[in-house]
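# Inside the fold
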Amino acid sequence: MDVAAWESPDPGEVRVLGSQADWDQLASEYENLLAENLPGGRMGPHMRPFRRCLEVAQEGGASSVVVETRYIDVDYRSEFSAHYSRSFRTPPATARRLHFFRAPLRPEQLWDLPTDAGYLGYMVLRPVPLGPVGRTMLRPPPGMEPAVRTMVTDYATVFGQRFEIAAVPFMQQDAQFDRCAHAAAWVCHYTAFRRQEVSRRSMGAFSLSADPSLGFGRPVPSDGLTVLQLLEILRLFDLPCQFYDIENLPSVAPGPGTPPDPAPQRPDPAGMWDTRIISICCRYLNSGVPVLVGNEEHAWVLCGYQRHARASGSDWIRFVRHDDQRGPYLWVDDVLNDVAGGYTYSPWRWLIVPLPDKLWLVPEPAEGMAAALLPSLAQRVVSAVPGSAAQTLLDKAARGELRWRTYARLANDFKAELVGRVDPIVLREYRMARLSRFVWVVEAIDRAGRQSGSQDVVLGEAVFDGTSNGLRPQPMALRVPGVIYLFPPDGSVRGPLICSPDSSRSGGVGPA
Amino acid sequence: MNKKRVVSSTPLPKPTEIKGLRLDGAFSLLSDDQRDKLDKAFEEDRKTRRQAEAKSATLRLG
């Protein structure tokens, strides 16, 4: 590739994207620029993520793009140092970064951009034709935004001017040094980094740190990672994973509001019929934690979901996917028959959830325990005080209108997010309680209320110690309508405390 | 003579005394039968997780 062409205009430019023709021209210019470095000169499917990123920016209402040339990108530099600098035909050592804005910008504004220009995020481009899209933070398309649950905040400095963007990180594999598994792991790790849970690891480190004894063949060029290698890299980078083999998914202990396990439809693989996949993914996405998913050959990341209420039967869930080979923010319409963009993702084979170290308890036992404790508490309250508001929870359970929503939060975030969500007594009690660093919260949801579009659908909740044992999840608090109890670590019991009988808004990330 | 330092206690109101609502702990809400069923379910949960197929571990994702 012509380095001078890649690094000009120096230091950058602004382009107006006022019409479809402007967008098409931008796309084809980059295709041509990158294709110069590709034997045969045709880009093919490797530009799909780039085109999808442009589509996302366009749907977000972008009307101008600021291009930083000669951008020193940590991730691309790490790939360049470890790999490209050693190749015979060395590509440029710098990347480009494209920043999208809603406002139409003029060239003379580059050094004094309006603060209200409607920043929509950025996309780093590597000078690598088979995997051009580097670290990307683009705001989700407007219609999809409420469904996206693992967004983090990032900051970009554009010629000395700082802009903030909330998005789900995305990166494409370069098809040689890193593959889909590296890219998916990087998405999860960068998300945790932006939340200050882990230190920054460059994309190059993901490739160099793969344990060759857990895989096959040569680490470089990479043919991909085995599941064991993927688990080990994330453990090494301070995000130990919860692993789910879809052929052996755990059940939630039966209780009111707990759906029965699906009947196996063998010989089909479980990825074609086991609806527990959905509830497992939702528990982590409610926590703002991305879920790494794979079939027998490919890995991708789930970053959100949307619930569609159905009059009869259970609700239907559509997930949001980042696929490094197709781009960010793509709908998964049917988990059990997942075919999209010309690729058959089904059957899903495994789920990997990279988690903070101190979240030891798994959510399924916590949900089972809550489904036993909360109705029991409601029954005890109603027996002691006939006609009390706790009867609501029992009535909902009896009518089959009770559901469970489970999520993990940092205890400090859980406490901070209570404002305006719960009554003053509950707020006081939770804020003054000693809680483990991470908590699992299981909410009793009024399904009919949720279907009718009400926000106040939480009848009560159980809050669990994130470091407790899956054989005996330890509740730190229980609340049913009108009454709350706390269970401090010294073994004492604080309660009963009378609180509001009203339903409250759900916590966690995204709509209930 | 040193004055004794006065330390205020946590300003939280005492719980309400309601007959029949005194708990010895969260698990005292559960009957023996419920506890047995939960113990069995949680053991089963552990067992299921241990059964993660060796085949998954060696899948190559690229």
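Counting of residues starts from 1 at the beginning of each chain's written sequence and follows it residue by residue. Each chain takes a letter, starting from A, and each ligand takes a number, starting from 1, following the order in which they are written. Since the coordinates come from a predicted model, pLDDT governs what is reported: local features require at least 70, and pairs of side-chain atoms require 80 or more to be given and counted, while whole-chain, interface and lining totals use all residues.

### Some points on the overall build of chain B
Each helix and strand counted, chain B has 2 helices and 1 strand in total. Helix and strand definitions follow DSSP, with helices as H or I runs of at least four residues and strands as E runs of at least two, each counted in order from the N terminus. Moving toward the C terminus, one meets the helices and strands of chain B in the order α-α-β. The burial label depends on the number of other C-beta atoms within 10 Å of a residue's C-beta. Counts of 20 or more mean buried, 12 or fewer mean exposed, and intermediate counts mean partly exposed, with C-beta atoms placed from the backbone. Here chain B holds 62 residues, and 15% of them are scored as buried.

### Brief notes about the sheet that holds strand 10 (residues 291-294) of chain A
All names here are of chain A. At least two DSSP bridges between two strands are required for those strands to pair. Overall, antiparallel pairing links the 6 strands, which are arranged 9-16-10-11-12-13 in an open sheet. Edge positions in the sheet fall to strand 9 (241-245) and strand 13 (327-332), since each has one partner strand and no second. The average undirected angle you get between the axes of adjacent strands in this sheet is 30°. In this sheet, strand 12 (residues 316-323) lies alongside strand 11 (residues 299-308) in antiparallel orientation, the contact comprising 7 bridges. The residue of strand 12 that forms the bridge with valine 301 is histidine 322. Residues are scored as being in contact if the C-beta atoms we place from backbone atoms lie within 7 Å. Whenever a helix is involved, its axis is fitted only over the stretch in contact; in every case the axis is a line through C-alpha atoms, and angles between N-to-C directions fall within 0 to 180 degrees. In the packing of helix 5 (residues 180-194) onto the sheet, contacts are made with strand 10, strand 11, strand 12 and strand 16 (350-354), and the angle to strand 11 comes to roughly 60°. Where helix 8 (residues 276-285) meets the sheet, its contacts fall on strand 9, strand 10, strand 11, strand 12 and strand 16, and the angle it forms with strand 11 comes to roughly 95°.

### What to know about the sheet that holds strand 4 (residues 119-125) of chain A
Sheets are built from strands paired through backbone hydrogen bonds, the pairs being either parallel or antiparallel. All names here are of chain A. As summarised here, the arrangement of the 5 strands in space is 1-2-3-4-5, forming an open sheet in which the pairing is antiparallel. The two strands at the open ends of the sheet, each matched to only one other strand, are strand 1 (12-16) and strand 5 (133-138). Across the sheet, the mean angle from the axis of one strand to that of its neighbour is 15°, orientation sign disregarded. Contacting strand 3 (95-101), strand 4 and strand 5, helix 3 (residues 48-59) runs over the sheet at an angle of about 20° to strand 5.

### As for the packing of helix 9 (residues 363-384) of chain A against helix 10 (residues 391-398) of chain A
Think of two packed helices as two axes; the pair is described by the angle between the axes and how far apart they sit. Residue and element names in this part refer to chain A. Packing of helix 9 against helix 10 leaves a shortest axis separation of 8 Å and a crossing angle of 130°. One way to sum up the angle between helix 9 and helix 10 is to call them oblique. Of the two elements, helix 9 crosses helix 10, and the hand of that crossing is left-handed. Residues Leu374, Pro375, Ala378, Gln379 and Val382 of helix 9 lie in contact with helix 10, whose contacting residues are Gln391, Leu393, Leu394 and Ala397. Throughout, the ten residues Ala, Val, Leu, Ile, Met, Phe, Trp, Tyr, Cys and Pro are labelled nonpolar, Asp, Glu, Lys and Arg are labelled charged, and all others, Gly among them, are labelled polar. Looking at the contact of helix 9 with helix 10 residue by residue, the class counts come to 7 nonpolar, 2 polar and no charged. What sets the label is the angle itself: under 35 degrees gives roughly parallel, over 145 gives roughly antiparallel, 65 to 115 gives roughly perpendicular, and the rest give oblique. Each crossing is labelled by how the near helix is turned from the far one, with a counterclockwise turn of less than a right angle marking it left-handed and a clockwise turn marking it right-handed.

### With respect to the environment of arginine 494 of chain A
Along the polypeptide, arginine 494 of chain A turns up in strand 22 (residues 494-498). Placed 10 residues apart in sequence, arginine 494 of chain A and isoleucine 484 of chain A show a C-alpha to C-alpha distance of 8.7 Å. When near neighbours in sequence (up to four residues on either side) are disregarded, arginine 494 of chain A contacts Tyr485, Leu486 and Pro488 of chain A together with Pro15 of chain B.

### Things to note about the domain arrangement of chain A
Where interface size is given, it is often the accessible area lost as the parts come together that is meant. Residue and element names in this part refer to chain A. Throughout, the edges of the domains are those of an automatic or database domain assignment. Each assigned domain of chain A is listed here: domain 1 (3-174), domain 2 (245-354) and domain 3 (363-505). A straight line from the C-alpha centre of domain 2 to that of domain 3 covers 26 Å. Listed per partner, the contact involves 11 residues of domain 2 and 17 residues of domain 3. Here the side of domain 2 that touches domain 3 is built from residues that sort into 5 nonpolar, 5 polar and 1 charged.

### Section: the environment of aspartate 423 of chain A
Residues and elements named next belong to chain A. Checked against the element boundaries, aspartate 423 lands in the loop between helix 11 (411-416) and helix 12 (424-432). By C-beta crowding, aspartate 423 is classed as partly exposed, having 14 other C-beta atoms within 10 Å. As a C-alpha pair, aspartate 423 and glutamate 197 span 226 residues in sequence and 30 Å in three-dimensional space. Setting aside its immediate chain neighbours within four residues, aspartate 423 contacts Cys499 and Ser500.

### With respect to the pairing of strand 12 of chain A
Residues and elements named next belong to chain A. A large share of strand 12 lies buried, amounting to 6 of its 8 residues. Where strand 12 lies against strand 13, 4 bridges are found, and the strand directions are antiparallel. Residue pairing for strand 13: aspartate 323 is matched across the bridge by glycine 327. Counting the residues between successive antiparallel strands, the hairpin from strand 12 to strand 13 contains 3 residues.

### A closer look at helix 7 (residues 227-236) of chain A
Within helix 7 of chain A, 7 of the 10 residues are buried, leaving the element largely enclosed by the surrounding structure. Phi turns positive, to about 70°, at aspartate 238 of chain A, one or two residues after helix 7 of chain A.

### Some points on unusual backbone geometry
Residues and elements named next belong to chain A. Backbone torsion omega between serine 8 and proline 9 reads 0°, so that peptide bond is classified as cis. Residue position: proline 9 is located in the loop between helix 1 (3-6) and strand 1. The backbone of arginine 70 shows a phi angle near 50°, a positive value even though the residue is not glycine. Examined against the element boundaries, arginine 70 turns out to sit in strand 2 (residues 64-71). Given 17 C-beta atoms within a 10 Å radius, arginine 70 is considered partly exposed. Positioned with a positive phi, alanine 175 is a non-glycine residue whose angle comes to about 70°. Residue position: alanine 175 is located in the loop between strand 7 (161-167) and helix 5.

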